[in-house]
Number of protein chains: 4
Amino acid sequence: MKELNIGMVGYKFMGKAHSNAYQRLAMFFDGNAHCNLTAICGRDEEWVKSAAKKYGWAGYETSWEKLITRQDIDVIDITAPSDAHYTIGIAAAENGKHIFCEKPLALSLKNAREMYEAVLKNKVKHQIGFNYRFIPAMQLAKQMISSGKLGTIRHVRAHYLQDYIIDPEFPLIWRLQKDVCGSGSLGDLGAHLIDMSRFLVGEFKTIMGIQKTFVTERPVVEMMTGITATAKEGAKKGKVEVDDGTVFVAEFENGALGTFEATRFAHGHKNDWSIEINGDKGSLKFVFERMNELWYFNADDESGLQGFRHIQTNEGVHPYMQAWWPAGHVIGYEHTFVHEMYEFTEAIVNDTATSPDFYDGVKCSQVIEAVELSSQRRAAVDVDSL
Amino acid sequence: MKELNIGMVGYKFMGKAHSNAYQRLAMFFDGNAHCNLTAICGRDEEWVKSAAKKYGWAGYETSWEKLITRQDIDVIDITAPSDAHYTIGIAAAENGKHIFCEKPLALSLKNAREMYEAVLKNKVKHQIGFNYRFIPAMQLAKQMISSGKLGTIRHVRAHYLQDYIIDPEFPLIWRLQKDVCGSGSLGDLGAHLIDMSRFLVGEFKTIMGIQKTFVTERPVVEMMTGITATAKEGAKKGKVEVDDGTVFVAEFENGALGTFEATRFAHGHKNDWSIEINGDKGSLKFVFERMNELWYFNADDESGLQGFRHIQTNEGVHPYMQAWWPAGHVIGYEHTFVHEMYEFTEAIVNDTATSPDFYDGVKCSQVIEAVELSSQRRAAVDVDSL
Amino acid sequence: MKELNIGMVGYKFMGKAHSNAYQRLAMFFDGNAHCNLTAICGRDEEWVKSAAKKYGWAGYETSWEKLITRQDIDVIDITAPSDAHYTIGIAAAENGKHIFCEKPLALSLKNAREMYEAVLKNKVKHQIGFNYRFIPAMQLAKQMISSGKLGTIRHVRAHYLQDYIIDPEFPLIWRLQKDVCGSGSLGDLGAHLIDMSRFLVGEFKTIMGIQKTFVTERPVVEMMTGITATAKEGAKKGKVEVDDGTVFVAEFENGALGTFEATRFAHGHKNDWSIEINGDKGSLKFVFERMNELWYFNADDESGLQGFRHIQTNEGVHPYMQAWWPAGHVIGYEHTFVHEMYEFTEAIVNDTATSPDFYDGVKCSQVIEAVELSSQRRAAVDVDSL
Amino acid sequence: MKELNIGMVGYKFMGKAHSNAYQRLAMFFDGNAHCNLTAICGRDEEWVKSAAKKYGWAGYETSWEKLITRQDIDVIDITAPSDAHYTIGIAAAENGKHIFCEKPLALSLKNAREMYEAVLKNKVKHQIGFNYRFIPAMQLAKQMISSGKLGTIRHVRAHYLQDYIIDPEFPLIWRLQKDVCGSGSLGDLGAHLIDMSRFLVGEFKTIMGIQKTFVTERPVVEMMTGITATAKEGAKKGKVEVDDGTVFVAEFENGALGTFEATRFAHGHKNDWSIEINGDKGSLKFVFERMNELWYFNADDESGLQGFRHIQTNEGVHPYMQAWWPAGHVIGYEHTFVHEMYEFTEAIVNDTATSPDFYDGVKCSQVIEAVELSSQRRAAVDVDSL
């Protein structure tokens, strides 16, 4: 057992999810790492102090610059708003800290590449927060595809649908401000689809896409507190500079075709992302809101009895499930973070490879930029040209 | 009650479906038209004679040129292979026959336009075989959208998935021969998605798409009998010149975004087409293999109790269902043709407008050509530019 | 090809379904029987004449006594109200006619047995209208169970749910009058579950059940026209003497346990019957409103990849589907009657066994009576004791 | 904020679930109780010491008699095997401890009643572990039914299906030993259905049921470690004295009818319990393996647009969901325990009523005994007669 002292920047949605994850490890997993929640960091002392207590952190800092230089900290976990990832990430790497960075790696492909270079140069472990890879069904899908159960992949179709900003009076929160988040539905939601497709299918080759902002101005908010922010009555309006919805098609390097969609304008879908993959030997389907299920079509099944199988991925034989409850007892969203942190912290103490790492962050940014360029140019963009 | 004498060209899959439809009308519908199955036409006398008997036609012809000049024929129904539609259609119009033409209208946009001009010039009724419009759930969807229940449309996503040609040894049937069918998955399957989107959402504005042939050569068959054709062992191979799969994104004239996919390479999907439409007041979802169901999300439902409603569209209040069975007794694929022929024949005898008509056939061809050009040019194509 | 002249008594819901079925045979099946719709019979001349024309019958009769003595009639098809089955059935048998009788065979077990004796004695073919056996998915289920794919059966659970009489103002139609229909939800709906369980699992041994009438009086109607009957405003009320809902558990002769429910008081369920069967090697599930689907769990599937398979039973390899459309094109409720009539008429002309026959009708009545007695006695009833 | 010192007896499946629950409270809920995991108790010192460390307990005991007399302990949480509940529960009450007891309260109705008398007499808070009541969807269902959205309840149908003991070589674990667990599938699984029906519908009046042991002898195990126990090769066989499957029908005091089934012999069902309730204004459906969903049919919805609504119960407006993640992010099985412990501990520190309490445990035992007697007597049993 090796101690790992964690320092975390940020304490909102992701800060809570990560805190919970580190705390669950001891009870449910038998790894070599023992994680200490050493210090949490935020600019507002009152808030961060309160968060430290509530989330179980031993101490707190109000300066990330200080946090990353503390000798007792082994790992910097970055859950701050997207525009802060780059600066903190580079600095943490230069201070020799292992880094867990929430997605997106950075606001631009250029900055993402610099971050990747920094962690390589400083020889620190690095992982990026594509937590959905750690859903048992997605790990199972990866194993199945890797072992050839789907054969040659022909098609991928994935969408990530939400509906919380349809009302034009919904305010201009940080997720809608280009300077803070870099991208709208594409970077926030589409990024997960891109990463999952890379994980399961392979690298993107060519992109053709269309981006759109349906509601072009919204009430300005002064204080943002996540997605529940509300503007004052009669607040003045500001311009929305990110995409409300993005659709794109792609060809993959292995020849597969893909259709993708990310939007916050699909009524009835709260956090509904799904992916289907068709190969010449079978198919897989997954829907996040039913994250304990994987659908599998095996073209080798007996004729007349073929059909998509509904696999309830809660048996001990399924990835990570031995750690949790008996067969058929479902897990939830937050468990993906526990699995993620288990892999990250074990990779550090066992000195093995992390995955997904900053390279995956760079590749995701590259696809995002290709989609944006394709929409601007009204033409296909080859990912490798960026 | 007015008599209508039908003459039909073709006697395979669609010929059977249309024959059955005309025969069902009297028992289930109380219209003003009384349809007589006067003559069916095919080149092979033995086959067409046998089809005439089996399908209940009073007579037969082996020359369509003769059929369309028969004075006792009021309507020409064209279910022959796609490459014959143009010539027969023009000739039938010039002979003053009302025309029902299976999709596609023609192999090219140019030819489709000529056919449309011919029917206008000759003042005959004309309808095209987009039978899926006549699914009760789709008629209900149309009514709901027209009455504003979905509000402003933001997104459409539709796919049409089949899996019958995945095996590289599946032969080069007529549906894979460009000179006979004009297009592959796009024209055969995608055409339905395009028409349904036009029906429910509106006109396409801009297209960006990718087409692909996964299996580039296949065994040649001598005799084609639909999708069950088999090649001889050791048959020589011919080149596949149509698309195996097509994916595209689109912007509509009303600003909505769409994602589309048509493929015969999606294992586990036999004839699985679906469409979902999201507006700023609600959403609709439909899956053909569950054609008796429509899913509806109403954003005005009580907070906390919102969710997609699973409407079983088999009640007497649903479109066309009064004609069939009591509530909850499902109908099937062939019923779409009965509804289609009911509307077509009533429009003739009542001298009202047909729908969908050859204009809809032209517009569908226009979108298909835009997709093809976009894929070739690797760039966006504006539909109106064609 | 052998001619079969049909005479049918009754022309409402079932009369229409049977008429349609006989007419579909020629186009879709290649059997040895050629069915002529010779005469339809009903008491009201105006109505039956109109029905004859609409449903395609060559002639009509207003006296069933006359119909069954006509020398040109080979088959009597009884779709009249339930209380008429017994008398017509016995008489038809004594006149040497082959008989198709809609369910229930009779209003009592005793009468059902007499009908069975009559057909045996007169050596005529006899079939009973358990049309749901002829759903392709149910035929497939039967084949699977017979070939051992489910192993030893342990459990059956089945329910038949409707919701059309929940409103206390819904009138006292014939289906709610004990002297006409004999039984309420049990005889109308439960009978199908009982027959399907006998078909798939085996004979019932012991029953424990509860029956209930939730709405004990309803407005009287003078003229009944099926389920759409409406009473006049202020109509006087009559007593409901049949069950609104029936629930029972059972043990089968092979040791399996069953749970059953039939009701017209389940909101949201129009004609929703379902059955699930669990054996020690696998399981099957079926829901009628999705009648083109069968769910199959195979306990021999690879560990970790097990799950219920969703079989879309619309491929050419599935029972009866070769007769209809290409893979994935769904069929509907009325097709069950086409299959049923195909089997019945072929059995006559080929002199083979019919199934389900009047013996099956007797056995179903026996279980129904056991349920009724169990509810009255508040105790278990062994089926064989009746 | 008030401190509460917990002492827990047992450290296996439920011990882990409860430990996790107490620990989650601080981060996710803002209650008045602050729970300290003071001591965990088990007979084997090595095991309990290890569990204490892994699950985060400050100390441990090897004698429950000692634990319940410790002055620093406020609450005794009983997760020990079922046969120990009675003795520990009575003793804890007599020592003035608040008690949380896992289900079943006791092995007999008589003992359960004595436990209930003991907590009343000693004026301690008491709750029983029917954790499924705390699923957000079930709380929502309760609110909906209480506010009249379903109207008068007519039907309940519920089943709890598992499949882990189908293999006759599966060993005779404690859950199959009558002296340890009292009952088989009925007490283990059926108890949840009974409690949920009491919670949502009301009290049971009359029962008719059948119980069955499909596999009557199984290999004996020496050491039991939950459901993963394995017997040695060639182990001798012992008699199975509990039910493998139980089916029963019921009438409720409010007149509703119910069908129930509990079994461990339903292949393809790991932990699949479900309940549907039909009232004369609407219906609700729930399936545990999709515990983040509730299906609702509202008979007042617009005609033609009626259908079961699929409510994804993960919005902030849904019970307990404000504590967790943004809309659409699913929770899992273990969250039910967090909610349960939140309610229990808040009831203690705020001196409000607990629910479900030992009275609910007694009533559940009463129904269980009625089912058992009905099966033995082959006759209806009125619950109140026991």
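Residues numbered from 1 in each chain as written. Chains lettered and ligands numbered in written order. Predicted model: local features only at pLDDT ≥ 70, side-chain atom pairs only at ≥ 80, totals over all residues. Heavy atoms only, no water.

K.L.:
It is not clear to me how helix α5 (residues 109–121) of chain D should be interpreted in this structure. Could you clarify?
P.N.:
Each α-helix winds once per 3.6 residues, and so residues spaced three or four apart point in a common direction. Residues and elements named next belong to chain D. Helix length check: α5, at 13 residues, gives a terminal C-alpha distance of 18 Å against a target of 18 Å (1.5 Å per residue), a fit within 8%. Of all the residues in α5, the buried ones are Leu109, Asn111, Ala112, Met115, Ala118 and Val119. Lys123 sits one or two positions beyond α5 and adopts a positive phi of about 50°. (Helix = DSSP H or I, 4+ residues; strand = E, 2+ residues; numbered from the N terminus. Expected span 1.5 Å × (residues − 1). Buried < 20%, exposed > 50% of the residue type's maximum accessible area, 1.4 Å probe, protein only.)

K.L.:
Mind showing me how you'd approach the relation of the copies chain B and chain A here?
P.N.:
The second copy of the chain is related to the first by a rotation about an axis and a shift along the axis. If you rotate chain B by 180° and push it 0.0 Å along the axis, it lands on chain A with an RMSD of 0.0 Å. The transformation relating the two chain copies, once decomposed into turn and shift, fits a two-fold axis. It is Ala379 of chain B whose C-alpha, among those of chain B, lies nearest the rotation axis, at 2.0 Å. Comparing contact sets, 100% of the residues at the interface of chain B also lie at the interface in chain A, consistent with an isologous, same-surface contact. (Least-squares fit on C-alpha atoms with pLDDT ≥ 70 in both. Contact = heavy atoms within 4.5 Å.)

K.L.:
In this structure, what is going on with the interface of chain A and chain D? I would like to understand it.
P.N.:
A common measure of how large an interface is: the accessible area buried when the components associate. The interface is formed by 40 residues belonging to chain A together with 40 residues belonging to chain D. Counting each side, the surface lost to burial between chain A and chain D is near 3,500 Å², with a carbon and sulfur contribution of 58%. Among the residues chain A hides against chain D, the three largest losses belong to Met27, Lys54 and Trp325 of chain A. Together they make up 21% of the total. The interface formed by chain A and chain D includes 5 salt bridges. With a shortest N-O distance of 2.7 Å, Lys54 of chain A and Asp30 of chain D are connected by a salt bridge. Counting across the chain A and chain D interface gives 20 residue pairs in polar contact (both at pLDDT 80 or more). (Buried area = accessible area lost by both parts, 1.4 Å probe. Salt bridge = Lys/Arg side-chain N within 4 Å of Asp/Glu carboxyl O. Polar contact = N/O pair within 3.5 Å; in protein donor to acceptor, adjacent residues only side chain to side chain.)

K.L.:
I would appreciate a short explanation of the sheet that holds strand β2 (residues 33–41) of chain B in the present structure.
P.N.:
Sheet strands associate in pairs through backbone hydrogen bonding, adopting either a parallel or an antiparallel arrangement. All names here are of chain B. Taken in spatial order, the 6 strands make up an open sheet running β3-β2-β1-β4-β5-β6, and their pairing is parallel. Lying at the two open borders of the sheet, with one neighbouring strand each, are β3 (59–61) and β6 (126–128). Pairwise comparison of adjacent strand axes, ignoring direction, gives a mean angle of 25° for this sheet. Across 8 bridges, strand β1 (residues 2–9) lies against β2 in parallel orientation. What sits directly across from Lys2, in β2, is Ala33. (Pairing = 2+ DSSP bridges. Axes fitted to C-alpha atoms, helices over the stretch in contact; angles between N-to-C directions.)

K.L.:
Please clarify how the interface of chain B and chain A should be interpreted in this entry.
P.N.:
In this assembly, 47 residues from chain B lie in contact with 48 residues from chain A. Of the roughly 3,700 Å² buried between chain B and chain A on both sides combined, carbon and sulfur atoms contribute 62%. For chain B, the biggest contributors to the area lost against chain A are Met208, His267 and Arg378 of chain B; these three give 18% of the whole. The interface formed by chain B and chain A includes 6 salt bridges. One salt bridge connects Glu261 of chain A with Arg157 of chain B, and the closest N-O pair in it is separated by 2.6 Å.

K.L.:
What exactly am I supposed to notice about the packing of aromatic side chains here?
P.N.:
How two aromatic rings sit relative to each other is set out by the distance from centre to centre and by the angle between their planes. A full pass over the atoms with the stated rule returns 110 aromatic pairs over all chains. Between Phe204 of chain A and Phe252 of chain A, the aromatic rings sit 4.4 Å apart at their centres with planes inclined by 35°, giving tilted as the arrangement. Here Phe204 of chain A is found in strand β8 (residues 204–212), whereas its partner Phe252 of chain A is found in strand β11 (residues 245–252), with 48 residues between them in sequence. Phe204 of chain A gets classed as buried once you look at its relative accessible area, which sits at 2%. Ring centres 5.6 Å apart and planes at 75° place the aromatic pair Tyr164 of chain B and Phe170 of chain B in the edge-to-face group. Relative accessible area serves as the criterion here: at 12%, Phe170 of chain B is assigned to the buried category. When the ring centre of Trp325 of chain B is taken as origin, the NZ or CZ atom of Lys16 of chain C, which lies over that ring, is 5.8 Å away. (Phe/Tyr/Trp six-rings, centres within 6.5 Å; stacked < 30°, edge-to-face > 60°. Lys NZ or Arg CZ within 6 Å of the ring centre and 35° of its normal.)

K.L.:
Would you explain the pattern of salt bridges in this entry?
P.N.:
It is possible for side chains of opposite charge to pair when their charged atoms get near one another. All names here are of chain A. Under the criterion given, the structure shown has 97 salt bridges over all chains. Glu169 serves as the salt-bridge partner of Lys237, at 3.2 Å between the closest nitrogen and oxygen. In this pair, Lys237 is assigned in strand β10 (residues 237–239) and Glu169 in the loop between β7 (153–161) and α7 (178–181), connecting sequence segments 68 residues apart. The partly exposed category is assigned to Lys237, whose relative accessible area is 39%. Assessed through its relative accessible area of 46%, Glu169 is described here as partly exposed. The network of salt bridges with common partners includes Arg133, Asp195, Arg198, Glu203 and Asp360.

K.L.:
I'm lost on the environment of Trp325 of chain B in this one. Help?
P.N.:
Relative to the helices and strands, Trp325 of chain B is located in the loop between β16 (308–312) and α9 (335–350). Sequence spacing of Trp325 of chain B and Glu315 of chain B is 10 residues, and the spatial spacing of their C-alpha atoms is 8.5 Å. Each residue touching Trp325 of chain B, except ones within four places of it in the same chain, is listed here: Phe28 of chain B together with Phe13, Lys16, Ala17, Tyr333 and Glu334 of chain C. There is a polar contact of 2.8 Å between the side chain of Trp325 of chain B and the side chain of Glu334 of chain C.

K.L.:
What is the right way to read the sheet that holds strand β1 (residues 2–9) of chain A from this model?
P.N.:
All names here are of chain A. Pairing is parallel in the open sheet, where 6 strands are placed in the order β3-β2-β1-β4-β5-β6. Each end of this open sheet is capped by a strand with a single partner; those strands are β3 (59–61) and β6 (126–128). Sheet twist, expressed as the mean angle between neighbouring strand axes with direction ignored, is 25°.

K.L.:
Which parts of the structure should I look at to understand the relation of the copies chain A and chain D?
P.N.:
Between chain A and chain D, which share one sequence, the superposing operator has a rotation angle of 180° and an axial displacement of 0.0 Å; the RMSD is 0.0 Å. A share of 100% of interface residues in chain A that are also interface residues in chain D marks the association as one of identical surfaces.

K.L.:
Help me out: how do you make sense of the side chain of Gln306 of chain D in this one?
P.N.:
You can see Gln306 of chain D is positioned in the loop between β15 (293–298) and β16 (308–312). Within the structure, the side chain of Gln306 of chain D is placed 2.9 Å from the backbone oxygen of Ala299 of chain D, a separation counted as a polar contact. Those residues in contact with Gln306 of chain D that sit more than four places away from it in its chain are His310 and Ile311 of chain B together with Phe297, Asn298, Ala299, Asp300 and Asp301 of chain D.

K.L.:
I'm lost on the nonpolar core in this one. Help?
P.N.:
The biggest cluster of nonpolar side chains holds 231 residues, and the ones touching the most others in it are Met138 and Trp273 of chain A together with Met138 and Trp273 of chain D. In contact with Trp273 of chain D, not counting residues within four places along its chain, are Tyr132, Ile135, Met138, His159, Tyr160, Leu193, Met196, Phe286, Val287 and Phe288 of chain D. (Core = buried A, V, L, I, M, F, W, Y, C linked by side-chain atoms within 4.5 Å.)

K.L.:
How should I be thinking about the confidence of the model for chain A in this particular structure?
P.N.:
For chain A, mean pLDDT is 96; residues scoring 70 or higher make up 98% of the total. This complex was scored by the predictor with a pTM of 0.97 and an ipTM of 0.95. (pLDDT = per-residue confidence, 0-100.)

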